[in-house]
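Now for the letters of each chain:
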Amino acid sequence: MFPAARLRGLKPDWLSDPKVWRTEVLAGLVVALALIPEAISFSIIAGVDPAIGLFASFAMAVVISIVGGRRAMISAATGAIALVIAPLNREHGLGYLIAAVILAGVFQVVLGALGVAKLMRFIPRSVMVGFVNSLAILIFMAQVPEMTDVPWAVYPLIIGGLALMVFFPKITTVIPAPLVSIAILTVITVGAALAVPTVGDKGALPSSLPVPGLPDVPFSLDTLTTIAPYAFAMALVGLMESLMTAKLVDEITDTHSNKTRESIGQGIANIVTGFFGGMGGCAMIGQTMINVKVSGARTRLSTFLAGAFLMVLCIVFGPVVSDIPMAALVAVMIMVSFATFDWHSIAPKTLKRMPAGEITVMVITVVCVVATHNLAIGVVVGSVTAMVIFAKRVAHLANVTAVTDPDNKTAVYRVSGELFFASSNDLVGQFDYTGDPKRIVIDLSGAHIWDASSVAALDAIETKYKQRGKTVEITGLNDPSADLHGKLTGELTAGH
């Protein structure tokens, strides 16, 4: 048997610390309340019944809390996934949508096992900052429709909700301020019989738990070819948003998460969600920020309870939840958007010191995301822009200096810097092929060869000298450069 001390060490934090338990439970409740109108809205975007989005949010949150790699991150039905699969549902029906969700989960498991998470290391900080800022802008923009063409009472409710979330933590942090705000605004709305939009206006809440089953589609090659493009797009978008969110939570909590496990976990969660008739999903950045940054959750319990509470609220407390004013949830999301935005990144002092290229990448990322409402597109375009700027910057780092010996029989060229496709293009033009003596030494002890373009450039230099009856000796290659040069030299111009 295990000693008592060792058993205590195996317990999760929320089992051994009542304070952590309370934080996780209340955080899960706040997130569940915020998930309901979001899931209904995304169901409308996908063109399905609100119950489909709510079932997806329930299944995703519960499953990912067990199999995911990032603790306290919330996964549920999302707008990005809804946009991807909406055309499939519109053209072929719900059965094909569910089948695509399951296939997308399979793709995510395979991509996760192949190590797609390792690509995260190539996303620069400027793209990450742009991602965070554009996310904050999208969260705020999503609330604008809830503040236009509405009864006048909505505005004081929103202002009151914001005031409660700002000042209530100064009194106590035992109960999350968003939960207090939602409860008080609901009591005021119902007590005063205010005619304002409520959660119930978004759509009917389900009255029973989802039942597992197979998608109603022909199991044929035609079905597979129909759903595969949508499933693959959903898999990529879902993984990118989930991994970016996981990285963001890593930075906020100063902890590390297993991105490969998260990738595979997202796939498993989507497979399970599909079999339960859900529309699929991925990490929800707004709800994750409510859970982690606003409510202070740090464990898997909050994620699990967010999904569990979601169904309890819908099935058991549906009439009460339906009376929650949308103004209360809008206030919560506005607070999340302001807390998410990296205000330091646009401070005049920061912009003055930041390289122009970094600012450009950040702005391009934000513009692309806001214009397309697709975080994945912004991240890809921002990363490609950063790579182009980096390549342009280092292309000029290869320097060539020439030293001719006193007897004018040997010319020595010292090359320093990184030689790759961008920098090697200018290399050929930096030698005096006509004026140099019979023997030329190219010293590469201060350089590194990265690709075939650089080997081809060196071959071109040798060829130009040989055409003039001169010999070239390349020296100083480090081991990796020598190995690459030895394999490729003389092979790149064959047949030309």
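Just above sits the structure.
Everything numeric in this text was worked out from a predicted model, so none of it was measured.

The secondary structure content of the protein amounts to 20 helices and six strands. Viewed in the frame of its principal axes, the protein has a C-alpha envelope of about 100 × 65 × 60 Å. Within the protein, the fraction of its 496 residues that count as buried is 51%. Considering only residue pairs separated by 6 or more positions, the protein has 84% of its internal contacts joining residues 24 or more positions apart. In the structure as shown, the protein presents an accessible area of about 22,800 Å², 66% of it carried by carbon and sulfur atoms. Side-chain charges in the protein split into 33 positive and 33 negative, and the spacing between the mean points of these groups amounts to 8 Å.

Turning our eyes to something else, we now look at the pairing of strand β5 (residues 439-449). Regular strands have side chains that alternate between both faces of the sheet. Most of β5 is tucked away, with eight of its eleven residues classed as buried. Across nine bridges, the pairing between strand β4 (residues 410-419) and β5 is parallel. Residue pairing across strands places Y413 opposite I442, the latter belonging to β5. Across five bridges, the pairing between β5 and strand β6 (residues 471-475) is parallel. Within β6, the residue paired with I440 across the bridge is V472. Viewed along the sheet, the connection from β5 through helix α19 (residues 452-466) into β6 turns out right-handed.

Time to look at the side chain of S345. Position of S345 among the secondary structure elements: in the loop between α15 (326-340) and α16 (348-353). Within the structure, S345 has its side chain in polar contact with the side chain of N133 (distance 3.0 Å).

Moving on to the packing of aromatic side chains. Applying the stated criterion to the full structure yields nine aromatic pairs. Taking the centre distance of 5.5 Å and the plane angle of 90° together, the rings of F107 and F232 count as edge-to-face. Pair noted here: F107 is in helix α6 (residues 94-113) and F232 is in helix α10 (residues 221-253), with a separation of 125 residues, a long-range link. For the ring pair F431 and Y433, a centre distance of 6.3 Å and an interplane angle of 35° mean the geometry is tilted. Overall, the relative accessible area of 10% leaves Y433 in the buried class. Joined through ring pairs, the aromatic side chains of F140, F338, F341 and W343 make up one cluster. Stacked on the ring of Y433, the Lys or Arg K464 has its end atom at 5.8 Å from the ring centre.

Attention shifts here to the side chain of R70. Position of R70 relative to the elements: it lies in the loop between α4 (50-67) and β1 (75-76). In this structure R70 comes out as buried when scored by relative accessible area, which is 5%. Polar side-chain contacts of R70 include one of 2.6 Å to the side chain of D250. What R70 contacts, discounting residues up to four positions off in sequence, is A246, V249, D250, T253, T255, H256, S257 and E262.

With phi around 75°, A72 is a residue other than glycine that occupies positive phi space. For A72, the location among the structural elements is in the loop between α4 and β1. Given a relative accessible area of 2%, A72 falls into the buried group. Residue D149 is not a glycine yet carries a positive backbone phi of 55°. Within the element layout of this structure, D149 appears in the loop between α7 (125-143) and α8 (154-171).

Moving on: a nonpolar patch on the surface. On the surface, F140, M141, V144, F338, W343, I346 and L351 cluster together into a nonpolar patch covering about 580 Å² of accessible area. The exposure class of V144 is partly exposed, given its relative accessible area of 34%.

Further remarks concern the nonpolar core. In this structure, I36, L54, F131, I158, M279, I290 and L310 are the most contacted members of the largest nonpolar core, which totals 105 residues. The dominant element in this core, judged by the number of residues it contributes, is helix α3 (residues 18-46), at twelve residues. Each residue touching F131, except ones within four places of it in the same chain, is listed here: M244, T245, I285, T365, L375 and V379. The next biggest cluster of nonpolar side chains, apart from the first, holds 21 residues, and it includes I442, I449, L458 and Y465.

Here is what the cut-offs are and how they apply
Residues numbered from 1 in each chain as written. Predicted model: local features only at pLDDT ≥ 70, side-chain atom pairs only at ≥ 80, totals over all residues. Heavy atoms only, no water. Helix = DSSP H or I, 4+ residues; strand = E, 2+ residues; numbered from the N terminus. Buried < 20%, exposed > 50% of the residue type's maximum accessible area, 1.4 Å probe, protein only. Contact = heavy atoms within 4.5 Å. Areas by Shrake-Rupley, 256 points an atom, 1.4 Å probe, with all protein chains shown as cover. Lys, Arg positive; Asp, Glu negative; His and termini not counted. Charge placed at Lys NZ, Arg CZ, Asp CG, Glu CD. Pairing = 2+ DSSP bridges. Right-handed = clockwise from strand over helix to strand, strands pointing away. Polar contact = N/O pair within 3.5 Å; in protein donor to acceptor, adjacent residues only side chain to side chain. Phe/Tyr/Trp six-rings, centres within 6.5 Å; stacked < 30°, edge-to-face > 60°. Lys NZ or Arg CZ within 6 Å of the ring centre and 35° of its normal. Patch = residues over 30% accessible without salt bridge, like charges linked within 9 Å, V, L, I, M, F, W, Y side chains within 5 Å. Salt bridge = Lys/Arg side-chain N within 4 Å of Asp/Glu carboxyl O. Core = buried A, V, L, I, M, F, W, Y, C linked by side-chain atoms within 4.5 Å.

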